[in-house]
Amino acid sequence: MASEKILRGKIALITGGSRGIGRAITLKLAAEGADVIINYFRKTSTAELTAQEARDRGASAHIIKANLAEPEKIEGMFHEIEAKFGRLDIFINNAASGVARSALELDSRGWDWTMDINARAFLLCAQRAARLMKDGGKMVAISSLGSRLVLPIYTAVGVSKAALEALTRYLAIELAPQGICVNAVAAGAVETEALKMYTADPNLPKPAWQTTPAGRMVKPEDIADLVAFLCTDQADMIRGQTIVIDGGVSLTPLSSPSPKD
Amino acid sequence: MSVEETVKKIVTRIVRKPDINFSPTTTFQDLEADSLDIVQILVALEDTYDIEIQDEELQKVTNMGEFIAYIERKVAEKG
């Protein structure tokens, strides 16, 4: 028996939705019946490919190019959404960028760039999305363990993710009367194409962060499954929380072996 | 304004060296452009000309002369 599509009829915006974790979320929401709006930064061809994959899952898919570091581009994106769809049910704040520097090497430009895209854009998008969620809705922000753990050269991104998590709590309370649920998901190291470049040589020892107590790394699809759940009515009583999805790695010293090692 | 002039204007603004005169052999390294500068330059040019710059193709570009020629080619392809 075919399972029921839990997000049928919903309209979802996924920022940074064409690649990596964002792509997995886009395709999961599409597979669950949502019509998807894919925001992307630069690569139209990649966004078109992901949109086609979403259509292959039975969804309608629309792409919008917008650099979320620029408030006027965010405004333009929401004007387009309002004109084309008239409403929004789900907003996934996934787009992220960042300058990889230590705290003492970080300059104001790198700080501003990272904060603008990772934290300010969440605020501006949430403000506009809330106006389109006339019958309530769901917002999920993608964070990372760097918001609470200290990772090498991760200062700007880690601080921006801490801001994003705090904003999640404030939005959850402010938007609760409108029937809008706001939560965040904080992932550990995620198995992506980019990461594979560093792990391709089988002769190299396996770094501790490549494994987890659960015995494997987190995949983009794991995050997409959790995000999809947070977009359902079953998650209605989860408000303003940051759900950690890391296979348990943040609970143990990084040197701890996996049960399967 | 020609593509060459536009590229120069955008590059000098983003690397914060408005008075610099660069030659075809000038490199991004000479301009002390960091990775954030380069991303912002590419985004500005993509927005200006509605083109898509392929990062893989840029790997072959070694100096500003080649970079300008690459952007001119992309703009010409766009028609």
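Fair warning: this is a prediction, and the values are worked out from it, not measured in the lab. (Residues numbered from 1 in each chain as written. Chains lettered and ligands numbered in written order. Predicted model: local features only at pLDDT ≥ 70, side-chain atom pairs only at ≥ 80, totals over all residues. Heavy atoms only, no water.)

**Concerning unusual backbone geometry**
Worth spelling out the cut-off: Helix numbering and strand numbering both begin at the N terminus, where a helix is a DSSP run of H or I of at least 4 residues and a strand a DSSP run of E of at least 2. Residue burial is assigned from relative accessible area. The probe radius is 1.4 Å, only protein chains are included, and a residue is buried under 20% of its type maximum, exposed over 50%, and partly exposed in between.
Phi angles above zero are rare outside glycine, and A:Ile153 is one such case at about 45 degrees. Assignment of secondary structure puts A:Ile153 in the loop between strand S5 (137-144) and helix H5 (155-175). Owing to a relative accessible area of 49%, A:Ile153 belongs among the partly exposed residues under this scheme. With phi around 60 degrees, B:Arg16 is a residue other than glycine that occupies positive phi space. Checked against the element boundaries, B:Arg16 lands in the loop between helix H1 (3-14) and helix H2 (35-49).

**Considerations on helix H7 (residues 220-230) of chain A**
Residue and element names in this part refer to chain A. As a reminder, the rule being used: Contacts between residues were defined by any pair of non-hydrogen atoms, one from each residue, lying within 4.5 Å.
In terms of burial, H7 is a largely internal element, eight of the eleven residues being buried. All of the buried residues in H7 are Pro-220, Asp-222, Ile-223, Ala-224, Leu-226, Val-227, Ala-228 and Leu-230. Where the residues of H7 are buried, they touch helix H1 (20-31), strand S4 (90-93), S5, strand S6 (180-187) and strand S7 (242-245).

**Describing the sheet that holds strand S3 (residues 61-65) of chain A**
Residues and elements named next belong to chain A. Applicable threshold: At least two bridges found by DSSP between two strands is the condition for calling them paired. In this analysis an axis means a line fitted to C-alpha atoms, helices contributing only their contacting stretch, and an angle means the value between N-to-C directions, from 0 to 180 degrees.
Reading across the sheet, the seven strands line up as S3-S2-S1-S4-S5-S6-S7 and stay open at both edges, with parallel pairing between neighbours. In this open sheet, the two strands that pair with only one neighbour each are S3 and S7. The mean inter-strand angle of the sheet, taken between neighbouring strand axes irrespective of direction, is 20 degrees. Two elements, S6 and S7, share four bridges in a ladder whose sense is parallel. Bridge pairing in S7 places Ala-187 opposite Ile-245. In the packing of helix H4 (residues 108-132) onto the sheet, the strands contacted are S4, S5 and S6, and the crossing angle to S4 comes to about 175 degrees.

Distances and angles like these do not, on their own, reveal function.
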